[in-house]
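Structure assessment
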Amino acid sequence: RLKKQRRYLLGYSGRTATRWILTIITGLVMGIVAISLVYCTGTITRWRASIMHDSVHNWGRSLSQGVIFQSFLWTNLILALMSSALCVMWVPRAAGSGIPEVKAYLNGVRSMEQKQKRVAYWQIFLVKIVGTILSVSSGVCSFMYYTHT
C-alpha cells in the first residue's frame, strides 16, 4: 500500500493552516467585541450624564436636589436591574466570571451539560456582553472595567 502523503503549503499542513486561520478570526472577533463594548458603555454613560446635566442646569431652579438625586439613582438602578435580570431570568449560567469552568474544561473535566450538548454558548456570550455594558454603564464597580467619559 502506498502511504498518503500530506500536502504542504509554505511548510504548513492544512490542519496547521486551519488552526492559524481560526486563531486569527477569533482574535478579530474578540477585538470587535471589545471595541463595541467600550463604545456602547461610553454611549450609555454619556446619555446618563446628559440627563443629569439637563436636570441640574435646565430644571435645577424648579426641581429640588432630592428629585435630581432620585433621577440619578433611578437611572443607575434601572440599568443595574436590567443587567442582573438577564442573568437571573434568561441565562443563569452567564452569572459569574467563567474562569472555573474554563479551568475545568482545560483540565479535561466535562460536565453533563457539555457532554449532552445542551448548552447554548452564544446565549451565554451575548448575556455577558450586554450585562457588562449595562452594569458598567450603571456605575456598578465590577470586574476590571471602567468608563472613559
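The text that follows walks through the structure, step by step, so that each part is easy to find. These numbers come from a predicted model, not from an experiment.

The next point concerns the overall build of the protein. Within the protein, the secondary structure is distributed over five helices and zero strands. Traced from its N-terminal end to its C-terminal end, the protein shows the element sequence α-α-α-α-α. Burial analysis of the protein (149 residues in total) assigns 21% to the buried set. Roughly 12100 Å² of accessible area belongs to the protein as shown, and the carbon and sulfur atoms make up 67% of that amount.

The next thing to look at is the packing of helix α2 (residues 65-90) against helix α5 (residues 121-137). The contact between α2 and α5 brings their axes to 7 Å, and the two run at 160°. Taken together, the axes of α2 and α5 lie roughly antiparallel to each other. In the crossing of α2 with α5, the sense of the turn from one axis to the other is left-handed. For the pair formed by α2 and α5, the contact residues are Leu 79, Met 82, Ser 83, Leu 86, Cys 87 and Trp 90 on the first element and Gln 123, Leu 126, Val 127, Val 130, Gly 131, Leu 134, Ser 135 and Ser 137 on the second. Class assignment of the residues belonging to the contact of α2 with α5 gives a composition of nine nonpolar, five polar and no charged.

Before going further, it helps to examine α2. Because the α-helix completes a turn every 3.6 residues, residues three or four places apart line up on one side. Across its 26 residues, α2 extends 37 Å between first and last C-alpha, which sits within 8% of the 38 Å expected from 1.5 Å per residue. Its maximal kink placed at Ser 84, α2 deviates by approximately 25°. Among the residues of α2, Ile 68, Thr 75, Asn 76, Leu 79, Ser 83 and Cys 87 are the ones counted as buried.

Reading the values: the criteria
- Residues numbered from 1 in each chain as written.
- Predicted model: local features only at pLDDT ≥ 70, side-chain atom pairs only at ≥ 80, totals over all residues.
- Heavy atoms only, no water.
- Helix = DSSP H or I, 4+ residues; strand = E, 2+ residues; numbered from the N terminus.
- Buried < 20%, exposed > 50% of the residue type's maximum accessible area, 1.4 Å probe, protein only.
- Areas by Shrake-Rupley, 256 points an atom, 1.4 Å probe, with all protein chains shown as cover.
- Axes fitted to C-alpha atoms, helices over the stretch in contact; angles between N-to-C directions.
- Parallel < 35°, antiparallel > 145°, perpendicular 65-115°, else oblique.
- Left-handed = near helix turned anticlockwise from the far one by under 90°.
- Contact = heavy atoms within 4.5 Å.
- Nonpolar A, V, L, I, M, F, W, Y, C, P; charged D, E, K, R; others polar.
- Expected span 1.5 Å × (residues − 1).
- Bend = angle between axes of the 7 residues up to and from the residue.

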